Amino acid sequence: MPQADQLHPFTVLALATAVLTITTAAGYWPLSLAVIVGCLVLATRHRCLGKLCALSALIIAPTFGSQLMVHALFTPGPSPVLAQLGPFELTGAGLWLATQLALRTAVLVVVGLLCALVIDRHRLIAAIDLSKAPPQLGYLVAATLSLLPQLSAKQHAIGQAQALRLGHVGRGPVGWFQRIRLRSVPLVLGSLQDAADRAPHLAARGFPAAGTHTRLREVPDSTIQRVLRRVALICAVAGPALILTLDRFSG
Amino acid sequence: MSSNLTIDDARAGGTLPRRLMAVAGTLLLVGTYITLVITQPTALAEGLGQGVALATFVAYLAAAILLLAAVLPEVPVATLTLIPVALALNVILGQFVGSVMVPLYLDSIGTVLIGFLAGRRAGAATGVLGTLIWSLFAPTVLPFAAGAALVGFLAGTAARFGALRRIYLAPVAGLLSGVIVGVISAPVAAFVYGGTSGVGTGALVATFRAMGESLFSAVTKQALISDPGDKAVVFLIAALLVYALPGRLTSSFDFVRRYRVLGRRSGN
């Protein structure tokens, strides 16, 4: 089985899209569970299991909590009451509906995060640049991903400098607004000024360049992968259509 | 910003296909919304419910991508260099606000800032791109890309019609924008995720459900409570940040000069 770093980023994304659409259309909990377990196995192979579990839990836990409140307590119809607290009744049907919806979201989260963890960002940017997408897109993705840690560090440094300068800011809404102002104004001013200074230099270099241009970073691709991508995209569209049509005729 | 002197401008030509894409994206978004409002599907997790979830997800995402494809080639270089800063600000200021336990999202400050400075096209592009990049860390935000585009578009529209000329107009414009964004985004929360993704907002939806409302109605009412307040604060903060920028910087934007976005503050 090929490692993700041997695959073109678009192949990984196309396969993930097919898995997501088919699993969502099927709405069959054993399939959803199998997809999640499969993702965990792949994450173990890529040594990112802990990160995938932690990031997924951060998103899935509040979603499941919300589903429980919205559905488990208010699903009409005859169903055994599992627990009761005042006017609230936890019914079996409601709990099942909440679990199914959370499982549907969990598949999206786990598959999406696995893609983000196994795809090399530089290779993704190179692949976008080499594709027929507008040349601006690759620049924007690359610039944002490299700016995020820079601005985060800048914001931290500004916070420390302001704390040294002013000491205690205070509590409550006024203190909160003061903290926002003290951190965001220098951050936004500095960042916008830097961006405004960068624009003439980029324009002078002919950005955004049209047509093909040389890239030092190679993105591995092959005929098999190109075929695989097309098959995956056809499955992503035809699979759900077939499943939903069969579901409709079978009643 | 002067035009490129050395290489043919890639933005020239192809206006009609881009306009068609923008129209197709808008029609897809509005058509999906109207269909969902009229049909009000009740099944959520079985049979038709799966198809509705998938169709809503795909239609909203496709609409956002069509709008991005229509707008991106027209965005000037001066604005393109600003967009990554805005996207990073969305994430960093959103995280900072989240860390101080304030019950607001405030994760669209950068998008609104770009809408105010560079207009509605750039604002819409920033909204979609921000969601696409943020989906690398939180895939559940993907179908909300169309809502994010709408935030940027409405910020640009508000600035164009004078929302920044008086400080009190910015939160009013944010409030109105929040109503529209909340209404448009509600079907995604209701039919794709069967509610909301946060415990606080989930409690609000559960309260409306307890009053006998349908899921879609409950989610829409929750969005009408959460979104306008959030957008009013975001528009106000973004307006204050624009006022704090040096006039030399704000007046370098064609959009700010052409529509006298800052009125007398711009000093033009």
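Basis of the calculations
- Residues numbered from 1 in each chain as written.
- Chains lettered and ligands numbered in written order.
- Predicted model: local features only at pLDDT ≥ 70, side-chain atom pairs only at ≥ 80, totals over all residues.
- Heavy atoms only, no water.
- pLDDT = per-residue confidence, 0-100.
- Helix = DSSP H or I, 4+ residues; strand = E, 2+ residues; numbered from the N terminus.
- Salt bridge = Lys/Arg side-chain N within 4 Å of Asp/Glu carboxyl O.
- Buried < 20%, exposed > 50% of the residue type's maximum accessible area, 1.4 Å probe, protein only.
- Phe/Tyr/Trp six-rings, centres within 6.5 Å; stacked < 30°, edge-to-face > 60°.
- Contact = heavy atoms within 4.5 Å.
- Buried area = accessible area lost by both parts, 1.4 Å probe.
- Polar contact = N/O pair within 3.5 Å; in protein donor to acceptor, adjacent residues only side chain to side chain.
- Nonpolar A, V, L, I, M, F, W, Y, C, P; charged D, E, K, R; others polar.
- Axes fitted to C-alpha atoms, helices over the stretch in contact; angles between N-to-C directions.
- Parallel < 35°, antiparallel > 145°, perpendicular 65-115°, else oblique.
- Left-handed = near helix turned anticlockwise from the far one by under 90°.

Draft legend 1. Layout of the confidence of the model for chain B. Per-residue pLDDT for chain B has a mean of 84; in total, 87% of the residues score no lower than 70. Element-level mean pLDDT values for chain B span from 76 in helix α4 (residues 82-99) of chain B up to 94 in helix α7 (residues 145-160) of chain B.

Draft legend 2. Here's a closer look at the pattern of salt bridges. Tallied over the entire structure, the rule returns nine salt bridges over all chains. Close ionic contact of R229(A) with D221(A) constitutes a salt bridge, the shortest N to O distance being 3.0 Å. A relative accessible area of 14% places R229(A) in the buried class. The exposure class assigned to D221(A) is partly exposed, which follows from its relative accessible area of 31%. Put simply, D230(B) and K231(B) hold a salt bridge, and the shortest N to O gap is 3.0 Å. You'll find D230(B) and K231(B) in the same group, each marked buried. Each member of the salt-bridge network shares a partner with another, and the members are D221(A), R226(A) and R229(A).

Draft legend 3. Representation of the packing of aromatic side chains in the model. All names here are of chain B. The tally for this structure, following the rule as stated, stands at six aromatic pairs over all chains. For the ring pair F116 and F235, a centre distance of 5.5 Å and an interplane angle of 85° mean the geometry is edge-to-face. Placement of F116 in helix α5 (residues 109-118) and of F235 in helix α10 (residues 215-244) is noted, with a sequence separation of 119 residues between them. Of the two residues, F116 and F235, neither departs from the other in class, the shared state being buried. Taking 5.4 Å as the distance between ring centres and 55° as the angle between the ring planes, the aromatic pair formed by F255 and Y259 counts as tilted. Its relative accessible area of 10% is what places F255 among the buried residues.

Draft legend 4. Quick peek at the interface of chain B and chain A. Tallying the contact residues gives 68 residues for chain B and 66 residues for chain A. In total, chain B and chain A occlude about 6,000 Å² of area from one another, counting both sides; carbon and sulfur atoms represent 78% of this. At the surface where chain B touches chain A, the tally comes to five residue pairs in polar contact (both at pLDDT 80 or more). Broken down by element, the residue count for the side of chain B that touches chain A peaks at twelve residues, all from α4(B). Tallied by class, residues from the side of chain B that touches chain A come to 52 nonpolar, 14 polar and two charged.

Draft legend 5. Region of the structure containing the packing of helix α1 (residues 9-26) of chain A against helix α2 (residues 29-45) of chain A. Residue and element names in this part refer to chain A. Contact pair α1 / α2: the axes reach a minimum separation of 8 Å and the direction vectors enclose 155°. Relative to α2, the element α1 lies roughly antiparallel. The two elements α1 and α2 meet at a crossing, and its hand is left-handed. Residue-level contacts link V19, T23 and A26 of α1 to L31, S32 and V35 of α2. For the contact of α1 with α2, the residue count by class is four nonpolar, two polar and no charged.

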